[in-house]
Amino acid sequence: MKKINYIAILTVAVLMVACTSHPSVPANCSQEDKVPTIFPDYTEVTIPANIAPMNFAVREAGEECVARLSCGTIQQTYGDGKKVVIDEDEWHELLKAAKGGQIKVEVFVGKDGSWKAYKPFNIYVAEEDIDEYISYRLIKPSYVAYELLTINQRNITNFEEKDIYNNMMVGTEATGQCVNCHSYRNFKTDNMQFHMRQGLGGTMIVKDNQIKKINLKTDSTLSAGVYPAWHPTEDVIAYSTNSTGQSFHTKDKAKIEVQDTKSDLILYDVVKDEVSNISCQPNELEVFPAWDATGDYLYFCSAHFEYRDTVAPETEMIHRYKEVLYSLYRKSFDKKTREFGQAELIYDAASKQRSVSLPRVSPDNKYMLFAEGDFGCFHVWHPHADIFIMDMKTQEVRKVENINSDQSESYPTWSSNGRWIMFASRRDDGNYTRPYIAYFDKNGKAHKAFEVPQKDPNFYTFQGRSYNRPEFMIEPVTITPQEFAEVAKQDPIQCTFKSTKVSSYVDGSTGASVQKPAVTDSAAISR
Amino acid sequence: MKKETKTPKVAVAPAKAPKESWLKANGQWVMPVVFGAAFAVFAFIMLVGKNSDYLWGVQDRTIFLDSDEFFHERMAVPGGFIAWAGCYLAQYFYYPALGALMLIGLWLIGYVLTVQTFRLKGAWSALALIPVCALLASEIDIAYWIYYLKIPGYWFRETIGFVVMMWALWGWAKLFSIKDEKRSLVLLGSKSLYMVVFAIAGYLLLSWWSLIGLIAMAIIGTTARTGRKFCFYTDAWWLLALVLLIFVPKVAYGCYSQFRIEDAWTVGFPLFQNDQLTSLIMSVPFAIAALMVILLASFYPKDGQTERKVKTSETVSGIIIALLCGLGVWHANIDDWNYHSELRMHRAVTEQRWDDVLDEAASNPGEPTREIVLFKNLALMYKGQFGYKFTSYNNGGIAPAQPDSLQVHLVQTCGPILYMNYGKENFATRWSIENEVEYGLSVTGAKTLTLAALIAGETKLAKKYIELLKSTTFHKEWAEKYEPLTDNIALVGDSTKYPEFAFTKEIYDHCGSVLDGDEGLVELYLLNYFSHTQNKDSKLLNEVTLNFACICKDIQLFWPRFFLYANLHQGEPMPRIYQEAAFLYGNLEHEVDISKMPFDEDIKTRYNGFQQMSQSLLRQGMDASQVGEAMKAAYGDNFWWFYFFCRDVKSY
């Protein structure tokens, strides 16, 4: 009997510890005429009704806090020191009630026994849900060195995060590799890809859940595929090929310039393991391919840059780095013949002394997001870079309202329903990119962005890795990191190069049509 | 048939039993105590007496953050728990004696558990010194690997792994000491469960130590076997252990995603590795400790075998073993002056104790490394004494003394702190992060990043690093000191409240921004950058550029900076070294007319003396290096000697 009592007491104790505590709201408190400073800043943001609890830390002077969250008849209090950590079940119940409406948040902060009540703020809950999963590469904001690199997936309806790929499973030191640029076809994960450089380098292609490792570099192309774009319906991926270098600012807050001395566009046939040129003009730096929703057009960025050949290209590029200005182009794509049309200038950013990168077309084909800065293409390091949007019908371009900051914003992307925008921002501290999400309403207006919530509100303070290339997915990647590692260790399948028809290109600066040189088959070159 | 012989009965007093020596009678417990005590004293001397600067450096080169994220990052691989605990305990090296005592305490527990588990009686307890002495050697033999280690919590993790494994083995041995004549199924089940739980939990918490423990358990289990035939009841431990040895790492590989399947059976074993080499010699102490455990398990005595008196020969053997252990540790210890001096200087630089930096440089009994020279030059520039004392110190430079073929680079040992002090904040940030990527975040890295961000006016970034440092045990105060600056960045320029920023801030403010790169060569970059920079708005920056032009021995770069210095310091005395350089260059190239320059008479006289002596020695048939050596006593502190005889200095 005694034993049973002990077990009962122990069980109750464990349950008490496990359950979320609900502190009481202080009876007497003075009123503060301002909204509390909280981290992450979730004041007046619009969130989806299926997002994980928006836990936050109160950054006001004091030792403890209480937050009262209410919507209609549902009301609950939270507070653990200066953190507000919300029970997941209670939160989702609250979201259900607040869908299409708002949650009122009242914050009370205690210091030396006295309490202050801050002006309440709202968290608006949209009607439209968000894709359950996001993925991103986690990398230290380093320049040359890399050690632990992972591509992770996060279920944003809760706090579950898993590795999709971890390069430490494949090799370290001399056999180590850099991983980058994961992408999915139509937000689904049965067709996806990412790239590995150095060590056991190659491009990992998942086609209908089958993995293969490909070497996309041929004798006729600049490099292996770098920035990818899956065609929405065809088994082809457009890539940029880049010859990339980097140099370091001695004082500028950008700290680093990553530049392409050359770059082209190629098309990879996933079934035939064949690559062909899309665009490879000598004085054009083509990069960042992106399909529209139907796959009839391929959008890309291109900078017109003519070398003066007085010094080595890398040196010249460093000296003239502010002259490299990317504009937005597109090429029509014939799905049957897989041929591309002439390049059309869509947005002449260069003429405005601006430079665009990373275009992404909305799933309804109505809008295009991209990052725009003063120069260059690697906007993740440019504090002057912001997210811009183009109305595809009118081709009118504007800076997206409510979501930009005085730090770098880059890597914009759409959710599968087009109602949510995700991008990488360095606004927290200027050095570490974090994933931010903003509601994009039916009227084409973006609402205040919020940082992807974490279980520990101080998570981003202690997290020392950047969130690179955030992407939405409607389902998790089911291939395990072990399965990826096994294939990654194998030798890659060598792609063949297929020569393509000569197509014309509209020169970015003169508008004149230039002839693309015919490229011979790589097999013929290498004999 | 034997004939019985009668002996006459004599009344004799009963013969006294020969008196045993006290040591023989009590040796079973005295010797282990003596060895343990001797080890503790010896370890304390080796750690605190000879390595306290290094131990302080250890906590400076590692970090423990009181955060969930830090815990989860450590737990991402098997053995993460001991890595996390190792990081936690390593921070106590902030007080080297305290950290050392904790370490010694753990070793003593490990020693006692080894003695108890393997029933090492009397002098044989000296064998239990081998693993702990190997662990002690592993603390003090790593030399410059302190900057290149990729093993979080290294300084405590293997000790914790060893102690916890020994504790589990002790429990296992206790299970086997239970009389089991009836071969009770309950006991068999308990033993099986014990082994399985240890294998799984041990692998997750202790990584490779659990596999060593598992082998030792199987050996101990098998010692119960009698006869040569296979005995399932005893030999089954081998089978179970083998199954666990094969499958636990394999299954764990499926649960973790941060190590290779090839490494599943060695995961956590300390490897001294970078992209150029794997230094196996550095892993030897751990191999010795592990092999000793297996060896002792192989000689695991059966009940009753150990209850006997201590023989003198055994005592002597034990003492010899203990002495050999001590000798091994002594030999492993890195006693290089420069290595320890660099550690002391690094600390003094971070604490801006410039006089201590200079004293350390002056006390160097031999040829210094470049790091020592660079720190010394920085201190001289901070104190504005470069023009007077630069050549009063040895400006040579030998390669760091590293016992293996590890390539040491300044950019890893002192690059970030040099860049930070010289106002190259982007480069300080860059190399702090590059080093963090490769070798993990450290206290010194976080502090450098904080200061670099504050000087560059990046308050949010500084705040982030300050928050990190506030979650440490011993660096909160430092972080809190600089926290107010994140709300009022103008205070960085307030030299009355924060004088430590004055030097760096002035250089930072007066340097422009260009796209550049250092190719990982910090000393050459600083030399090139500053000797080619010219600035008339800042006296300090002009002085720094002139100093670097002097170090470069570049006559063309020297003159414009020298003239600018003279203009900016009109009415002030010209420092001796600048005069010596100008007098030398004027005489060497005659491109600048120095006839009207007001050189001190002493400079002219000494220069003539220098010339005459060098000519005379050359006429005697000496070569340049012999001349340099012969003239060092008289002219070693002159710029001329530096110019002509301080040659072939290699940066790294």
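Residues numbered from 1 in each chain as written. Chains lettered and ligands numbered in written order. Predicted model: local features only at pLDDT ≥ 70, side-chain atom pairs only at ≥ 80, totals over all residues. Heavy atoms only, no water.

**Here we look at the overall build of chain A**
On a plain count of helices and strands, chain A comes out with 6 helices and 38 strands. Taking 527 residues into account, the globule formula puts the C-alpha radius of gyration at 24 Å, and chain A, at 25 Å, falls close to it. Here chain A, with 527 residues, has 60% of them falling under the buried criterion. Expressed as a percentage of contacts within chain A between residues at least 6 apart in sequence, the contacts between residues at least 24 apart total 60%. In chain A, 59 positive and 71 negative side-chain charges are present, and the distance between their average locations comes to 1 Å. (Helix = DSSP H or I, 4+ residues; strand = E, 2+ residues; numbered from the N terminus. Rg over C-alpha atoms; globule rule 2.2 N^0.38 Å. Buried < 20%, exposed > 50% of the residue type's maximum accessible area, 1.4 Å probe, protein only. Contact = heavy atoms within 4.5 Å. Lys, Arg positive; Asp, Glu negative; His and termini not counted. Charge placed at Lys NZ, Arg CZ, Asp CG, Glu CD.)

**Digging into the overall build of chain B**
Across its full length, chain B carries 29 helices and 1 strand. Relative to the 2.2 N^0.38 estimate, which gives 26 Å for 652 residues, the radius of gyration of chain B is 33 Å and therefore markedly larger than a compact globule would have. Summarising its shape, the C-alpha atoms of chain B cover approximately 125 × 65 × 40 Å along the three principal directions. The buried share among the 652 residues of chain B stands at 58%. At a minimum sequence separation of 6, the contacts of chain B that also span at least 24 residues come to 72%. For chain B, the accessible surface area stands at approximately 28,600 Å², while carbon and sulfur atoms represent 60% of it. Positive and negative side-chain charges of chain B, numbering 58 and 64 respectively, have mean locations separated by a distance of 15 Å. (Areas by Shrake-Rupley, 256 points an atom, 1.4 Å probe, with all protein chains shown as cover.)

**Focus: the sheet that holds strand β15 (residues 188-197) of chain A**
Residue and element names in this part refer to chain A. The sheet built from 5 strands is open, its strands ordered β14-β15-β16-β17-β35 with mixed pairing. The outermost strands of the open sheet, each flanked by one partner alone, are β14 (178-185) and β35 (493-494). Here 5 bridges tie β15 to strand β16 (residues 202-207), and the two strands are oriented antiparallel to one another. Along β16, the bridge assignment pairs H195 with T203. (Pairing = 2+ DSSP bridges.)

**What to know about the environment of A:G110**
All names here are of chain A. Within the secondary structure, G110 is located in strand β8 (residues 102-111). Once the C-alpha coordinates of G110 and C65 are considered, the two residues, 45 residues apart in sequence, prove to be 5.9 Å apart. Setting aside chain neighbours within four positions, we find G110 in contact with G62, E63, E64 and W115.

**Focus on the confidence of the model for chain A**
Put simply, chain A has an average pLDDT of 90, and 91% of its residues get 70 or more. Throughout residues 507-527 of chain A the model reports pLDDT below 50, and contacts reaching past four residues in sequence, or to other chains, amount to 47 contacts. (pLDDT = per-residue confidence, 0-100.)

**Re the sheet that holds strand β13 (residues 161-166) of chain A**
Strand pairing in a sheet relies on backbone hydrogen bonds. The paired strands run either parallel or antiparallel. Residues and elements named next belong to chain A. Strands sit in the order β13-β12-β11-β34 across an open sheet of 4 strands; the sheet is antiparallel. Edge positions in the sheet fall to β13 and β34 (466-473), since each has one partner strand and no second. Direction aside, the axes of adjacent strands within the sheet are offset by 25° on average. Pairing analysis gives 6 bridges linking strand β11 (residues 133-139) to β34, with the strands arranged antiparallel. Within β34, the residue paired with L138 across the bridge is Y467. (Axes fitted to C-alpha atoms, helices over the stretch in contact; angles between N-to-C directions.)

**Quick look at the packing of helix α7 (residues 185-206) of chain B against helix α8 (residues 208-222) of chain B**
All names here are of chain B. Between α7 and α8, the least distance of the axes is 7 Å, while the angle of their chain directions is 155°. With respect to α8, the axis of α7 lies roughly antiparallel. Judged by residue contacts, Y194, M195, F198, A199, G202, Y203 and L206 of α7 engage W208, W209, S210, L211, G213, L214, M217 and A218 from α8. The residue makeup of the contact of α7 with α8, split by class, is 12 nonpolar, 3 polar and no charged. (Parallel < 35°, antiparallel > 145°, perpendicular 65-115°, else oblique. Nonpolar A, V, L, I, M, F, W, Y, C, P; charged D, E, K, R; others polar.)

**Here's the deal with the interface of chain A and chain B**
At the junction of the two partners, chain A supplies 44 residues and chain B supplies 48 residues. Buried surface at the junction of chain A and chain B, summed over both partners, amounts to about 4,100 Å²; 53% is from carbon and sulfur atoms. Of all residues in chain A, the largest losses of buried area upon contact with chain B belong to A:T250, A:K251 and A:F462, amounting jointly to 21% of the total for that side. At the boundary of chain A with chain B, the tally comes to 3 salt bridges. Remark: the boundary between chain A and chain B carries 25 residue pairs in polar contact (both at pLDDT 80 or more). Of all the elements in the fold, those that place two or more residues in the side of chain A that touches chain B are β13, β19 (236-249), α4 (459-462) and α5 (481-488) of chain A. For the side of chain A that touches chain B, the element with the highest residue contribution is α4(A), accounting for 4 residues. Residue composition of the side of chain A that touches chain B, by class: 19 nonpolar, 10 polar and 15 charged. When β19(A) meets strand β1 (residues 515-516) of chain B, the two strands line up antiparallel, connected through 2 bridges. Residue pairing across strands places A:F248 opposite B:D516, the latter belonging to β1(B). (Buried area = accessible area lost by both parts, 1.4 Å probe. Salt bridge = Lys/Arg side-chain N within 4 Å of Asp/Glu carboxyl O. Polar contact = N/O pair within 3.5 Å; in protein donor to acceptor, adjacent residues only side chain to side chain.)

**Some details on unusual backbone geometry**
As a rule of thumb, non-glycine residues mostly have phi less than zero, and peptide bonds are mostly trans rather than cis. Residues and elements named next belong to chain A. Residue P40 is reached from F39 by a cis peptide bond, and omega for that bond is -10°. The residue P40 is located in the loop between β2 (38-39) and β3 (46-47) in this model. The phi torsion at F187 lies on the positive side, around 65°, for a residue other than glycine. F187 sits in the partly exposed class, given a relative accessible area of 21%. Backbone geometry at K255 places phi at a positive 70°, although glycine is not the residue there. Structurally, the position occupied by K255 is in the loop between β19 and β20 (256-269). Its relative accessible area of 1% is what places K255 among the buried residues.

**With respect to the packing of aromatic side chains**
Here the distance between the centres and the angle between the planes together describe a pair of aromatic rings. Residue and element names in this part refer to chain B. Evaluation of the coordinates by the stated rule reveals 91 aromatic pairs over all chains. When the centroid spacing of 6.0 Å and the interplanar angle of 65° are considered together, the rings of F39 and W107 count as edge-to-face. Pair noted here: F39 is in helix α1 (residues 22-61) and W107 is in helix α4 (residues 96-117), with a separation of 68 residues, a long-range link. Across this residue pair, the class does not change: F39 and W107 are buried. Taking 5.2 Å as the distance between ring centres and 20° as the angle between the ring planes, the aromatic pair formed by F530 and F548 counts as stacked. (Phe/Tyr/Trp six-rings, centres within 6.5 Å; stacked < 30°, edge-to-face > 60°.)

**So, the pattern of salt bridges**
Pairing between side chains of opposite charge can happen when their charged atoms approach one another. For the structure on display, the rule yields 54 salt bridges over all chains. Note that A:D296 is salt-bridged to A:K335, the shortest N-O span being 3.3 Å. Of this pair, A:D296 sits in the loop between β22 (284-291) and β23 (297-304) while A:K335 sits in the loop between β24 (326-334) and β25 (339-347), placing them 39 residues apart in sequence. Here A:D296 falls in the partly exposed class, since its relative accessible area comes to 32%. Take A:K335: its relative accessible area is 27%, and that puts it in the partly exposed class. Here B:R347 and B:E351 are joined by a salt bridge, their closest N and O atoms 3.1 Å apart.

**Structural notes on the environment of B:I398**
Residues and elements named next belong to chain B. Topologically, I398 is positioned in the loop between α15 (386-389) and α16 (410-413). Residue class for I398 comes out partly exposed when judged on its relative accessible area of 37%. Separated by 111 residues in the primary sequence, I398 and D509 place their C-alpha atoms 34 Å from one another. If sequence neighbours within four positions are ignored, I398 has contacts with N338, E367, P368, T369, R370 and Y652.

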